[in-house]
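If you want the building blocks of each chain, they are given just below.
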Amino acid sequence: MASDTLGTTLTRHVFEQQKGHPQATGELTGILNQIALASKIMSRKVNRAGLADVLGYTGEENVQGEEVRRLDELANDVFIAAFDHLGHFCVMASEEVDDAIPIPDQYQCGHYSIAFDPLDGSSNIDANVSVGTIFAIHHKVSSGPRGENQDLLQCGTELVAAGYVVYGSSTMLVLSTGRGVDGFTLDPEIGEFLLSHPGIRIPERGKIYSCNEGNYPYWSEGVRRYIDYIKTPDKESGRPYSTRYIGSMVADIHRTLLYGGIFMYPADTKKNPDKAAPKLRLLYECSPMAFLLENAGGAASTGRGRVLEVTPEGLHQRVPFFGGSLLNVRELEEFVERYDAK
Ligand code: P6P
């Protein structure tokens with residue numbers, strides 16, 4: 001087969017997947033190719049960050065109250081510029097922008113919305129730690145000619161496609177359109193994403209846990225008891241688990257997807273002893289990652305239910321996140337059920 005000679009490019013793979021859907025218009029193929037283009041641009045910029053004086057801070061804060069690093073701003077501009085004129089989107093949302101981003105009047109609106117985190121984990125860039133881009137694509141559901149917030153504020157169960165790009169030792173794009181998960185590795189010499197990890201399946205149970213354990217004192221009793229449990233030696237069940245935490249969700253989820261185990265960012269009372277607050281954002285972090293994990297045979301929970309079933313109320317809404325191997329997530333949910341107040 002020709003693809004054996006050339007390798008299967010992202011374009012060919014998505015086109016072949018779309019053939020399985022007679023109603024497919026090819027729009028999604030166009031969208032994913034544009035995401036690939038923007039990701040190649042970002043891969044080059046991230047890999048040269050230390051040389052091109054794009055490190056450091058702009059002195060501003062984003063909607064999350066986080067200091068905006070110049071590479072964050074650059075990434076945001078790259079993805080918006082890649083999407084706004086495409087004619088496939090009706091509205092966009094970015095971690096870096098307070099409100100929904102309309103498609104400029106001079107451009108045609110399309111049948112999809114996209115929410116993205118242009119450069120997740122960017123606080124690690126100066127340390128040369130893997131960072132990434134996360135994206136979530138929904139159908140337009142509003143009846144007007146242009147896009148509206150409701151096109152973005154949809155449950156993850158309605159996602160058309162979701163994925164991430166991890167800018168690490170190699171640049172990989174991991175994608176699901178609802179029928180499994182595939183990984184593509186960028187060959188920088190030809191500038192193509194080639195299918196390197198077809199049909200990714202997460203192990204049903206893993207022995208790695210991934211969390212910022214410095215927050216342990218601020219977690220609920222159920223979460224603390226779960227952590228205590230997986231650290232208690234028990235030869236038969238392979239405990240204590242190993243701990244791995246990078247502090248960049250894309251990198252931590254990528255390892256969890258391939259090796260199994262559980263990644264978690266529970267709500268914590270660190271900032272407010274009276275009210276536990278989650279950190280990770282639903283629309284462009286937790287929902288797309290949950291979509292990928294479930295499509296790979298895993299699970300993603302708020303601790304009490306599927307992340308994908310949370311109805312978003314705000315663009316930057318945060319939720320507790322426990323995602324990874326099915327049996328590990330279910331075990332966590334049992335501890336929350338047993339020890340945490342409803
Ligand atoms: P902490 C990065 O800022 C991020 O949003 C995720 O990528 C990552 O999982 C998390 O925050 C890390 O948070 O509190 O452990 O530094």
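Keep in mind the model is a prediction, meaning the values are calculated, not measured.

J.: Any details on the site of the ligand? Residues and values, ideally.
T.: Taken together, 13 residues are adjacent to the ligand, and Asp120, Tyr245, Met249, Tyr265 and Lys279 come closest. Asp120 has a polar side-chain atom sitting 2.6 Å from an oxygen atom of the ligand. One of the side-chain nitrogen or oxygen atoms of Arg281 is found 3.3 Å away from an oxygen atom of the ligand. Out of a free accessible area of 400 Å², the ligand has 83% covered by protein chains. Grouping the amino acids of the shell around the ligand by side-chain chemistry returns 5 nonpolar, 4 polar and 4 charged.

J.: Describe the nonpolar core, listing the residues and the values that go with them.
T.: Counting residues in hydrophobic clusters, the biggest one holds 49 residues, and the most contacted among them are Ile35, Phe83, Ile114, Leu119 and Ile137. Considering each element in turn, this core owes the most residues, 8 residues, to helix α3 (residues 27-47). Both domains that meet at this core, namely domain 1 (3-197) and domain 2 (208-339), each give it at least three residues. Look past the residues within four positions of Phe83 in its chain and what remains in contact with it is Gln34, Ile35, Phe89, Met92, Ile114 and Phe116. Grouped together as the second largest cluster of nonpolar side chains are 32 residues, Tyr265, Phe291, Leu308 and Val310 included.

J.: If you had to explain the pairing of strand β7 (residues 161-167) to someone new, which residues and values would you point to?
T.: The element β7 is extensively covered by neighbouring structure, given that 7 of its 7 residues are classed as buried. On β7, burial covers both faces: Ala161, Gly163, Val165 and Tyr167 on one face and Ala162, Tyr164 and Val166 on the other are all buried. Judged from the 7 bridges that link them, strand β6 (residues 131-139) and β7 form a sheet pairing that is antiparallel. If you follow Thr133 over to β7, its bridge partner there is Val165. Summarising the sheet, β7 and strand β8 (residues 171-176) pair through 6 bridges and their orientation is antiparallel. Within β8, the position partnered with Gly163 by the bridge is Leu175. In this antiparallel pair of consecutive strands, β7 and β8, the connection spans 3 residues.

J.: Describe the pattern of salt bridges, and please don't skip the residues or the numbers.
T.: Taken as a whole, this structure holds 12 salt bridges when the rule is applied. Linking Lys231 and Glu213 is a salt bridge whose minimum nitrogen-to-oxygen distance equals 2.6 Å. A residue pair is termed long-range when its members are at least 10 positions apart, and Lys231 in the loop between α5 (221-230) and β12 (242-243) and Glu213 in the loop between β11 (208-210) and α5 qualify at 18 residues. Here Arg255 ties to Asp252 by a salt bridge, and the two come within 3.0 Å at their closest N and O atoms. A residue pair is termed a helical-turn pair when its members lie 3 or 4 positions apart in one helix, as Arg255 and Asp252 do in helix α6 (residues 249-259) at 3 residues.

J.: Now, about the side chain of Thr29: what can you tell me, with residues and values included?
T.: Mapped onto the fold, Thr29 is located in helix α3. With a relative accessible area of 11%, Thr29 lands in the buried category. Residues within four places of Thr29 in sequence aside, it is in contact with Val14, Phe15 and Gln18.

J.: Outline α5, supporting the account with residue identities and numerical values.
T.: Buried within α5 are the following residues: Gly222, Val223, Tyr226, Ile227 and Ile230. On an axial view of α5, the arc spanned by its buried residues comes to 135°, and they lie on one face. Contact partners of the buried residues in α5: β11, β13 (262-265), β15 (321-324) and α8 (326-339).

J.: Account for the sheet that holds strand β14 (residues 299-301), naming residues and giving values.
T.: The strand order β12-β11-β13-β15-β14 describes an open sheet built from 5 strands, whose pairing is mixed. Since the sheet does not close on itself, it has two edges, and those belong to β12 and β14, each with one partner. Pairing of β13 with β15 involves 4 bridges; the strand directions are antiparallel. In the strand pairing of β15, Ile262 is matched with Gly324. Strand contacts of α6: β11, β13 and β15, with the helix running at about 150° to β13, the strand carrying the most contacts. In the packing of helix α7 (residues 282-295) onto the sheet, the strands contacted are β14 and β15, and the crossing angle to β15 comes to about 25°.

What counts and what doesn't
Residues numbered from 1 in each chain as written. Predicted model: local features only at pLDDT ≥ 70, side-chain atom pairs only at ≥ 80, totals over all residues. Heavy atoms only, no water. Near = heavy atom within 4 Å. Polar contact = N/O pair within 3.5 Å; in protein donor to acceptor, adjacent residues only side chain to side chain. Areas by Shrake-Rupley, 256 points an atom, 1.4 Å probe, with all protein chains shown as cover. Nonpolar A, V, L, I, M, F, W, Y, C, P; charged D, E, K, R; others polar. Core = buried A, V, L, I, M, F, W, Y, C linked by side-chain atoms within 4.5 Å. Buried < 20%, exposed > 50% of the residue type's maximum accessible area, 1.4 Å probe, protein only. Helix = DSSP H or I, 4+ residues; strand = E, 2+ residues; numbered from the N terminus. Domains from an automatic or database assignment. Contact = heavy atoms within 4.5 Å. Pairing = 2+ DSSP bridges. Salt bridge = Lys/Arg side-chain N within 4 Å of Asp/Glu carboxyl O. Arc of directions from axis to C-beta. Axes fitted to C-alpha atoms, helices over the stretch in contact; angles between N-to-C directions.

As far as function goes, none of this settles anything; it's purely spatial.
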